[in-house]
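A look at the structure
Listed here are the chains, written in short residue letters.
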Amino acid sequence: MTHDDVSRENDGRDVVLCECFARDGLQHETAQLSTDDKVALIDRFAAMGFARVEATSYSNPQVVPQFADASDLLRRLPRRPGVFYKATCANLRAVERALADADAGRGANEISLLVSATDSHSLKNLARSRADQWENIRAMASAASGRFRLVGTVSMAFGCPFEGRVDVREVLADVGRFRDAGVLHVALGDTTGTATPRSAAALFRGMRSAYPDVVPIAHFHDTRGTGIANYMAALDAGVRHFDCAFGGVGGHPTRVKYGGGHTGNVCTEDLVDLFETMGVRTGIDTGALLQAVEACEAALGRELEGRVARSGLNPLRESAEPAESPGGAPGSSRAAAP
Ligand SMILES: [Zn+2]
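Those residues of helix H9 (residues 227–236) that fall on the buried side of the exposure criterion are Gly227, Asn230, Tyr231, Ala233, Ala234 and Leu235. Packing partners of the buried residues in H9 comprise strand S6 (185–190), helix H8 (197–210), strand S7 (215–220), strand S8 (241–244) and helix H10 (268–277). Following H9 by one or two positions, glycine 238 adopts a phi angle in the positive range, close to 100°.

Our focus in this paragraph is helix H6 (residues 130–144). In this model H6 runs 21 Å from its N-terminal to its C-terminal C-alpha over 15 residues, within 8% of the 21 Å that 1.5 Å per residue would give. What H6 keeps buried is the set Arg130, Gln133, Ile137, Met140, Ala141 and Ala144. Buried residues along H6 cover an arc of 95° about the axis, so they all sit on one side. Counted as exposed and oriented over 90 degrees from the buried face of H6: Ala131 and Glu135. Looking at the residues trailing H6, positive phi occurs at serine 145, about 40°.

This part covers unusual backbone geometry. Working note: non-glycine residues mostly have negative phi, and peptide bonds are mostly trans. The residue serine 145 is not glycine, and still its phi comes out positive at about 40°. Mapped onto the elements of the fold, serine 145 is located in the loop between H6 and strand S5 (149–155). Its identity as a non-glycine residue notwithstanding, methionine 156 has a phi of 60°, on the positive side. Here methionine 156 lies in the loop between S5 and helix H7 (168–180).

In this structure, Leu17, Val53, Ala55, Cys89 and Ala234 are the most contacted members of the largest nonpolar core, which totals 94 residues. Apart from the residues lying within four places of it in its own chain, the contact partners of leucine 17 are Phe50, Phe242, Cys244, Thr268, Leu271, Val272, Thr282 and Ile284.

The next thing to look at is the pairing of strand S4 (residues 110–116). Across the seven residues of S4, seven count as buried, placing the element largely inside the fold. Of the two faces of S4, both are covered, the one formed by Glu110, Ser112, Leu114 and Ser116 as well as the one formed by Ile111, Leu113 and Val115. Regarding the hand of the β-α-β motif, the stretch spanning strand S3 (residues 84–89), helix H4 (residues 92–103) and S4 is right-handed. As judged from the seven bridges shared by S4 and S5, these two strands associate in the parallel manner. Paired with serine 116 across the two strands is serine 155, which belongs to S5.

Another aspect to go through is the environment of alanine 237. Within the secondary structure, alanine 237 is located in the loop between H9 and S8. Residue alanine 237 is classed as buried on the basis of its 22 C-beta neighbours within 10 Å. Separated by 142 residues in sequence, alanine 237 and valine 95 place their C-alpha atoms 33 Å apart.

Another aspect to go through is the environment of leucine 74. Note on placement: leucine 74 falls in helix H3 (residues 70–76). The class for leucine 74 is buried, based on 24 C-beta atoms found within 10 Å. Residues leucine 74 and asparagine 136, spaced 62 residues apart in sequence, show a C-alpha to C-alpha distance of 24 Å. Aside from chain neighbours lying at most four places away, what touches leucine 74 is Ala55, Thr56, Asp101, Arg106, Gly107 and Ala108.

Right, let's talk about the sheet that holds strand S1 (residues 16–19) for a bit. Taken together, the eight strands give a closed barrel; going around it, the order is S1-S2-S3-S4-S5-S6-S7-S8, and neighbouring strands pair in parallel fashion. The sheet shows a mean angle of 30° between the axes of neighbouring strands, taken without regard to direction. Inspection of the sheet shows S7 paired to S8 by two bridges, in the parallel sense. The residue bridging isoleucine 217 from the neighbouring strand is histidine 241, located in S8.

Another aspect to go through is the packing of H7 against H8. Where H7 meets H8, the closest approach of the two axes is 10 Å, and the angle between their N-to-C directions is 45°. Taken together, the axes of H7 and H8 lie oblique to each other. Between H7 and H8 lies a crossing of right-handed hand. Across the interface between the two elements, Val168, Val171, Leu172 and Val175 of H7 pack against Leu203, Gly206, Met207 and Ala210 of H8. Classifying every residue of the contact of H7 with H8 by side-chain character gives seven nonpolar, one polar and no charged.

Definitions and limits used
Here the residue numbering is sequential within each chain, running from 1 through the sequence in written order. Totals for whole chains, interfaces and linings use all residues, but because this is a predicted model, local features are given only for residues with pLDDT of at least 70 and pairs of side-chain atoms are given and counted only at 80 or more. Our exposure labels follow a C-beta count within 10 Å of each residue's own C-beta, placed from the backbone: buried means 20 or more other C-beta atoms, exposed means 12 or fewer, and partly exposed covers the counts in between. Numbering of helices and strands runs from the N terminus; a helix is a DSSP stretch of H or I covering at least four residues, while a strand is a stretch of E covering at least two. We call two residues in contact if the C-beta atoms placed from their backbones are at most 7 Å apart. To estimate how far a helix should reach, multiply one less than its number of residues by 1.5 Å. The arc in question is traced by the directions running from the helix axis to the C-beta atoms. Nonpolar cores are identified as sets of buried Ala, Val, Leu, Ile, Met, Phe, Trp, Tyr and Cys residues joined via C-beta atoms within 7 Å. Crossover handedness is defined here as right-handed if the route from the first strand over the helix to the second strand goes clockwise, with the strands pointing away from the viewer. Note: two strands are recorded as paired if DSSP finds a minimum of 2 bridges between them. Here the axes come from fitting lines to C-alpha atoms, over the contacting stretch only for helices, and the angles between their N-to-C directions go from 0 to 180 degrees. If an angle is under 35 degrees, it is roughly parallel; if it is over 145, roughly antiparallel; if it lies from 65 to 115, roughly perpendicular; otherwise it is oblique. Put simply, a crossing is left-handed when the front helix is turned counterclockwise from the back one by less than a right angle, and right-handed when it is turned clockwise. By the convention adopted, Pro, Cys, Tyr, Trp, Phe, Met, Ile, Leu, Val and Ala count as nonpolar, Lys, Arg, Asp and Glu as charged, and the other residues, Gly among them, as polar.

Everything listed here is a matter of geometry and, on its own, says nothing about what the molecule does.
Right, dumping it as structure tokens:
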């Protein structure tokens, strides 16, 4: 992939955050943002330094009307060099739409493919068994034929509300199945916030050890207030890629009810503030963080859940702690900087 050469991911930042507000965040919001508003937000995220931005989903517009404008949004979106704009793809038809947009010169440069770690969740969320979804993923990855960076996501990787504990060996086998399908970035999703710092570290250590050629991505939800603690454990286990959303918005899996609890994403502004204060370089302009929260709150018409937006940025971040290199990953990333 030629865009890897100039990717912001290798510009010296220690960690790579993917801002998920515009897709994972908006998917279950009742408010319908205009395409112009979405474009402005996504471009704001890229302008403030994000190397990856989840932009939209090629969903069935009958089922997820929020992303009926996927192609139009991508057509209007200004591109910034080195930034990956991700679109999620649920099925082969979605990949075909992504390919058509790419052929027209206005597509996403990263697409994501989803599998559930358990059959019960797979049937509820994707209306397919795991076996069927793996057939589906192989067909999608093959159809994508090297046109995009492919990102696999294993949801319920740390536990499932329907089946309880998830077999770690099966999650690792899923990482291997993605790799065998040519998917070399794999996110492990803590979809309902059941991971702990210990289980997070153990699974990511296992993944890095078993599949050193696959880039691990942490996608944790803050359902029980453990999101940031789990991200710290993942960082210590050598993970460099983290998904987050401004205001902690989003994270509700499609049409699946787990009860009335909060299942939001890890809050971007809180995570960036913590990392930067620790001396872990995010590449994000912290001076633009709070204005971005305000823009997201204005778009949704309500106050969002982050702490830093209420308390202010950590005043000690200007004299950031000397960065350690937990797990070796952040330090080694510097060696790879061009
Ligand atoms: Zn999420």
